[in-house]
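Residues per chain are reported as follows:
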Amino acid sequence: MAVTFSGHVSAGLGPEEIGDEEIAAVTAVLKSKNLFRFFKSREESYVARLEDLFAEKAGAAHVLAVNSGTSALISGLVGIGVSQGDEVLVPAYTYIATAAAVLALGAFPVVVEIDGSLTMDPVDAERKITPRTKAIVPVHMRGVPCNMEAIVDLARRRRLKVLEDCAQANGGSYRGTALGLLGDAGAYSFQHFKIITSGEGGLLVTNRKEIHDRAAIYHDSAYTFWMEKNIEGELSDPEEIARWKQACFLGENYRQSEVHGAIGYEQLKKRDAILARTRAIKKKLRAACEALPGITPEATHDAEGDCGISLALFTESEERTKEVATILKAEGIRCGTRFSRHVPDRHLFYHWDYIMEKRTLHRNGFPWTGGARPCQMEYSKEMCPQTLDWMSRGIFFSIGHLMSDRYLDEVCRGIEKVGKALS
Ligand SMILES: *Cc1c(COP(=O)(O)O)cnc(C)c1O
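Residues numbered from 1 in each chain as written. Predicted model: local features only at pLDDT ≥ 70, side-chain atom pairs only at ≥ 80, totals over all residues. Heavy atoms only, no water.

Undergrad: I tried to follow the overall build of the chain on my own but got confused; where do I start?
TA: Tallying secondary structure elements over the chain gives 14 helices and 12 strands in all. In terms of overall dimensions, the chain is globule-like: its C-alpha atoms have a radius of gyration of 22 Å, near the 22 Å expected for 423 residues. For the chain, the spread of C-alpha atoms along the three principal axes comes to 75 × 55 × 40 Å. The buried share of the chain, taken over its 423 residues, is 57%. Partitioning the contacts of the chain with sequence separation of at least 6, the portion at a separation of at least 24 is 70%. (Helix = DSSP H or I, 4+ residues; strand = E, 2+ residues; numbered from the N terminus. Rg over C-alpha atoms; globule rule 2.2 N^0.38 Å. Buried < 20%, exposed > 50% of the residue type's maximum accessible area, 1.4 Å probe, protein only. Contact = heavy atoms within 4.5 Å.)

Undergrad: What exactly am I supposed to notice about helix α11 (residues 318-330) here?
TA: For the α-helix, the turn length of 3.6 residues means that residues three or four positions removed from each other point alike. The first and last C-alpha atoms of α11 sit 19 Å apart over 13 residues, in line with the 18 Å expected at 1.5 Å per residue. Along α11, the residues classified as buried are Glu318, Thr321, Val324, Ala325 and Leu328. Around the axis of α11, the buried residues are gathered within 125 degrees of arc, so they sit on the same side. Facing away from the buried side of α11 by more than 90 degrees, the exposed set consists of Glu319, Thr326 and Ala330. (Expected span 1.5 Å × (residues − 1). Arc of directions from axis to C-beta.)

Undergrad: I tried to follow the side chain of Thr98 on my own but got confused; where do I start?
TA: Relative to the elements of secondary structure, Thr98 occurs in helix α4 (residues 97-104). Within the local environment of Thr98, its side chain forms a polar contact with the side chain of Thr94, the two groups lying 2.7 Å apart. Here Asp165 takes part through its side chain, which lies 2.9 Å from a polar atom of the side chain of Thr98. Ignoring sequence-local partners within four residues, the contact set of Thr98 consists of Leu73, Val90, Val137, Val139 and Asp165. (Polar contact = N/O pair within 3.5 Å; in protein donor to acceptor, adjacent residues only side chain to side chain.)

Undergrad: Before we go on, may I ask you to explain the sheet that holds strand β10 (residues 296-297) in this structure?
TA: Strand pairing in a sheet relies on backbone hydrogen bonds, with the paired strands running either antiparallel or parallel. Strand order across the open sheet formed by three strands is β10-β11-β12, with antiparallel pairing between neighbours. Since the sheet does not close on itself, it has two edges, and those belong to β10 and β12 (394-398), each with one partner. For strand β11 (residues 310-314) and β12, the ladder comprises five bridges, and the chain directions are antiparallel. Note that in β12 the partner of Ser310 across the bridge is Ser398. (Pairing = 2+ DSSP bridges.)

Undergrad: For this particular structure, what's the right way to read helix α10 (residues 258-290)?
TA: The terminal C-alpha atoms of α10 lie 46 Å apart, and with 33 residues this matches the ideal 48 Å at 1.5 Å per residue to within 8%. The largest bend along α10 reaches roughly 40 degrees and is located at Lys270. You can read the cap of α10 off the contacts: a side-chain oxygen lies 3.3 Å from the backbone nitrogen of Val259, and it is on Ser257. (Bend = angle between axes of the 7 residues up to and from the residue.)

See below:
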């Protein structure tokens, strides 16, 4: 049963479903008076149960819960071996955290154009590869799967690693494989505005043990200590303990608390029912929009694996897009345009100020300058014209699972009416 909290900000989806289950799970954690994930069996720890349930649903060999999507990205980059001075390809349209995670390790984000699905364009990705390129971070923006066949093929040919940013695509898949498992690893976010949430939280998924192990070490500066002391003896074999100690390097603290694990676990159980609804809504909305003259819906690389939480339409020009959006809104249809030169939206490279200006906290200019491998790139607002073109011509719909059939029918009728007026 959904509980309504007055005054909360919600993107719909998971937050709207916070109810008795989450409350009971958090209460159980508080009553246990132990909010720390370790020193428990995997059955007793909500964080471990979240990892196990996610692994089962995704078919992943290894899942590591962390405290944010950003820390999942950083741990994942450590996992795949990114280090100082490496270049990492990121799309021009993604939340700034994708690029910031690369910089946090002293590596450099190389900004790649998007295609008509508003995800990374594999053709431009190939163009931007240099001898310093180490990895590709495709981002499944707005729940839409990237062209993973082309990206994985490119990575294989050029011997690059792939870390998928799945922050906005929890529950999505590509040709039947869960997102995050097509490349080497995938990072998920459970922040409040994602499909499901624990307020703040993240997960790293991978099928490769060495990636998981490196990420696990980095996510906790004392990881092997807790593992060794864990009552279930996750590391009971002395040889295994010795191996871990040998492998260990410095880490930070990206651990997830039991309170967050409890909420995330209960939300995960609700995820697929939410997505069944959003997917059905998107199919209907898209079909209605296909009849609009002079308007092209977003390209899709996998309609079945799409999470269904958004839809973008394109007209032939920025001006026309503004006009059509105004006409749609006049019919009571909730939609909007995204690109503005003046409104600083951190989802677009154009507004990534501190990257454009190569700002840093380090006195010697590290990582841009002052390191062993200084940055070879120049960034500018003009560097990804294809991305600005797509974004400026886009009309965007957000889809929530609570959209009623009645409202959806009204929207479809409104779109039909607009279609007649436009033709
Ligand atoms: C939200 C988001 C992140 C960062 O996740 P946090 O949990 O907020 O750290 C990274 N990438 C994308 C595409 C996102 O939408």
